[in-house]
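Observations on the model geometry
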Amino acid sequence: MAIHVLPEEIVARIAAGEAVERPASVAKELIENAIDAGASSIHVEVAGGGRQLLRVSDNGAGIPDEEINLAFRRHATSKLRKVEDLEALTTLGFRGEALASIAAVSQATIITRQRDGSAGTRLNLDAGALRHQERIGAPAGTVVAVENLFFNTPARLKFLKSDVTEKRHIHWVTARYAMAYPGIAFVLKQDGRERFRSSGNGDLADVVSRAMGLKAFKSMVAVDCLEHSRLGRPKIQVSGFVSLPAISRASRDRIILFVNGRAVQDSALSRAITQAYDGLLKSGAYPFAVLLITTPADFVDVNVHPTKAEVRFRDSSAIFLAVQRAVREALVECGDKLPAADIWSDSGFSEQYLEYRRPLPDWRRFEGSDLLDNPAGQYIPEVAELPAKPRTLPVLRLVGQVGAAYIVAEAPAGVYLVDQNAAHERVLYEELMEELKAGGLRLKALDEGQTIALDPPDVERLENNAPLLAKLGFEIESFGPSTFLIRSLPACIARRTSADLLPPLLKQLRQTGADEGAALSALAAAGALSRGQVLAEDEMRALIAKLEYCADPLAAPSGRKIFIHLSSAELAEEFRRA
Ligand code: ADP
Ligand code: MG
């Protein structure tokens, strides 16, 4: 066949295949248009799973008379003029393709009137061709009705799922946008029945509870975090709701994300959220979440994918860290509801410490206690007892975390950078050592046990060191020739699995024989918090507090250094030189 330029009709149908995959994609595009038009109320009506009819009505700006014939033309948009506009989009649409694509594969009707227009206009199209146009009376706003979707593309029609599935997709598209825009009132009707409604009163909690269901909503906590911009870094706001670790799902399918009001699917971002649950959820269990991420428009590239479901970030690591930190903060803040959240306070020490450090009582903690009922107004909390151990470091004030790996702190003597991994290794080592001296490690029973398969040499080592392993908190049963069932783990590192802990421990025993100190050092290394873990402020404070009372806080048991110290004099000198 000779090369030739395709007629517009075929081009339109090919393009339609990209943007209009199923009825829910039509709903998505029409809802986005209504939002872009500034609507405060959006109605979605569906019949026959969206194939028969999909109608979206809004009370937005309407389309000016002189532009109406352009709306259904490909690459006709009111939202973009110059190529630079693509760099900082503030509207959901910009491709000028949706209406043309939808109209090409359906019979579409549009009725629109501008708020101050004298009358409205009605257009009927059939497979993209204009059939009828008239002036009519109409309320301000726009109604787009799409009938007989894919009637002229039988192949596409064949791939559609059952009505029930298509309806479910349309439901979620509507619910998603309702959550992203709590200030807009949405109504969804399917086959004449109301299926979803949001009030438009601007209250995110209200919409999320309707969209996710009250039961799920009750197991969620609010996330609300604003990171101010720094040189070259975006300002990032993360708000929404995430599930508490007590409840989870078997897949990531209810991690709902919006970036600047746009629903996106981003596996790296949803991984960032899942990682914030590190140590709180079993592997294979996922949280559910509704998160609205807001960042300056020029930090996001939305022109990546025809359905605009993917975005690219100019500074993705800043976004991921902000999201992780926001979620982690929210989870740690409601720590009293978390079953496994006491990551740092196994000894009960960090709690006391935080109490002691806070200059003012935290009223939430004293709620219902007799302190509040004290008529004499004696609101001063009892000073928690200080740990018996002597302090080995100056009091460090937490500044923050960099690169999800180092904690920054300051003291009168200057700035300290703390390697969180080495620091935690040290803290764990001393805790384990103390427990061992007191008779044996505290153990945590595993409900179902964990099976582990070992190599023959490890099997032998395990059997030869059974008494030591028991003293270290491992209850082990034989489960097959080279498989074992682990019934318990040392309590203070039980957020790790036996697969994380046992192999390095056995390796150590091979090198050093049954040496208790060496075994503890291997356990501390295997159990320590990794680099790359974003920490909430309270977690960092607790870690530093524990470190301040370690016998040897300067190096991890493996010898790696924990601190880099920049004295005030060094800092001053460094700046003077320039
Ligand atoms: P895009 O949204 O990418 O601009 P569309 O094909 O979805 O492209 O819409 C084309 C144009 O039609 C829009 O730019 C807008 O000017 C107009 N339009 C579409 N839907 C509406 C609506 N509900 N209210 C007002 N104007 C609309
Ligand atoms: Mg659009």
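Residues numbered from 1 in each chain as written. Chains lettered and ligands numbered in written order. Predicted model: local features only at pLDDT ≥ 70, side-chain atom pairs only at ≥ 80, totals over all residues. Heavy atoms only, no water.

1. As for the overall build of the protein chain
Looking only at helices and strands, the protein chain features 20 helices and 22 strands. Taken across its 578 residues, the protein chain has 49% of its residues classed as buried. Across the protein chain, every contact between residues at least 6 apart in sequence was considered, and the portion connecting residues at least 24 apart equals 68%. (Helix = DSSP H or I, 4+ residues; strand = E, 2+ residues; numbered from the N terminus. Buried < 20%, exposed > 50% of the residue type's maximum accessible area, 1.4 Å probe, protein only. Contact = heavy atoms within 4.5 Å.)

2. Notes on helix α19 (residues 537–548)
Helix length check: α19 (twelve residues) gives 16 Å between terminal C-alpha atoms against 16 Å at 1.5 Å per residue, within 8%. Burial runs high along α19: nine of the twelve residues are buried. For α19, the complete set of buried residues consists of Glu539, Met540, Ala542, Leu543, Ile544, Ala545, Lys546, Leu547 and Glu548. (Expected span 1.5 Å × (residues − 1).)

3. Thoughts on the packing of aromatic side chains
Within the structure shown, the criterion is met by three aromatic pairs. Measuring from centroid to centroid gives 6.4 Å for phenylalanine 313 and phenylalanine 320, while their planes differ by 85 degrees, and the two rings are edge-to-face. Note on phenylalanine 320: relative accessible area 21%, which makes it partly exposed. Here arginine 314 stacks its cationic end above the ring of phenylalanine 299, 4.1 Å away from the centre of that ring. (Phe/Tyr/Trp six-rings, centres within 6.5 Å; stacked < 30°, edge-to-face > 60°. Lys NZ or Arg CZ within 6 Å of the ring centre and 35° of its normal.)

4. Focus on the environment of phenylalanine 94
Following the sequence through the fold, phenylalanine 94 ends up in the loop between α3 (68–71) and α4 (98–104). When its relative accessible area of 4% is taken as the criterion, phenylalanine 94 is described as buried. Between the alpha carbons of phenylalanine 94 and asparagine 33 there is a distance of 9.9 Å; along the sequence they are 61 residues apart.

5. Let's talk about the packing of helix α17 (residues 498–512) against helix α18 (residues 516–527)
The contact between α17 and α18 brings their axes to 9 Å, and the two run at 150 degrees. One element, α17, and the other, α18, form an angle in the roughly antiparallel class. Handedness of the crossing formed by α17 with α18: right-handed. For the pair α17 and α18, the contacting residues are Asp500, Leu501, Pro504, Leu505, Gln508, Leu509 and Thr512 in the first and Ala518, Ala519, Ala522, Leu523, Ala526 and Gly527 in the second. For the contact of α17 with α18, the class distribution of residues is nine nonpolar, three polar and one charged. (Axes fitted to C-alpha atoms, helices over the stretch in contact; angles between N-to-C directions. Parallel < 35°, antiparallel > 145°, perpendicular 65-115°, else oblique. Left-handed = near helix turned anticlockwise from the far one by under 90°. Nonpolar A, V, L, I, M, F, W, Y, C, P; charged D, E, K, R; others polar.)

6. Quick notes on the pairing of strand β2 (residues 53–58)
β2 sits mainly inside the fold: five of its six residues count as buried. As defined by bridge partners, strand β1 (residues 41–47) adjoins β2 across six bridges and the pair is classed as antiparallel. Residue glutamate 45 lies in a different strand from β2, and its bridge partner there is arginine 55. With antiparallel pairing between neighbouring strands as the criterion, β1 and β2 make up a hairpin whose turn holds five residues, including glycine 48 at a positive phi of roughly 60 degrees. Bridge analysis of β2 against strand β6 (residues 141–147) gives six bridges, and the strand direction is antiparallel. Residue pairing for β6: arginine 55 is matched across the bridge by alanine 145. (Pairing = 2+ DSSP bridges.)

7. As for the site of ligand 1
Near ligand 1, the surroundings consist of 19 residues, among which Asn33, Thr77, Ser78, Lys79 and Gly96 are the closest. Aspartate 58 places a side-chain nitrogen or oxygen 2.9 Å from a nitrogen atom of ligand 1. Between ligand 1 and the protein, one listed contact pairs a nitrogen atom with a side-chain N or O atom of threonine 142 at 3.3 Å. About the coverage of ligand 1: the protein hides 94% of its 530 Å² of free accessible area. (Near = heavy atom within 4 Å. Polar contact = N/O pair within 3.5 Å; in protein donor to acceptor, adjacent residues only side chain to side chain. Areas by Shrake-Rupley, 256 points an atom, 1.4 Å probe, with all protein chains shown as cover.)

8. A closer look at helix α7 (residues 204–212)
Turning to α7, its buried residues are Leu204, Val207, Val208, Ser209, Ala211 and Met212. For α7, the capping residue at the N-terminal end is aspartate 203, with a side-chain oxygen 3.1 Å from the backbone nitrogen of alanine 205. Directly after α7, the chain includes glycine 213, whose backbone phi takes a positive value near 95 degrees.

9. Describing a nonpolar patch on the surface
Together, Val402, Tyr406, Leu417 and Ile564 make up an exposed nonpolar region whose accessible area comes to about 320 Å². Its location among the elements puts tyrosine 406 in strand β17 (residues 406–411). (Patch = residues over 30% accessible without salt bridge, like charges linked within 9 Å, V, L, I, M, F, W, Y side chains within 5 Å. Salt bridge = Lys/Arg side-chain N within 4 Å of Asp/Glu carboxyl O.)

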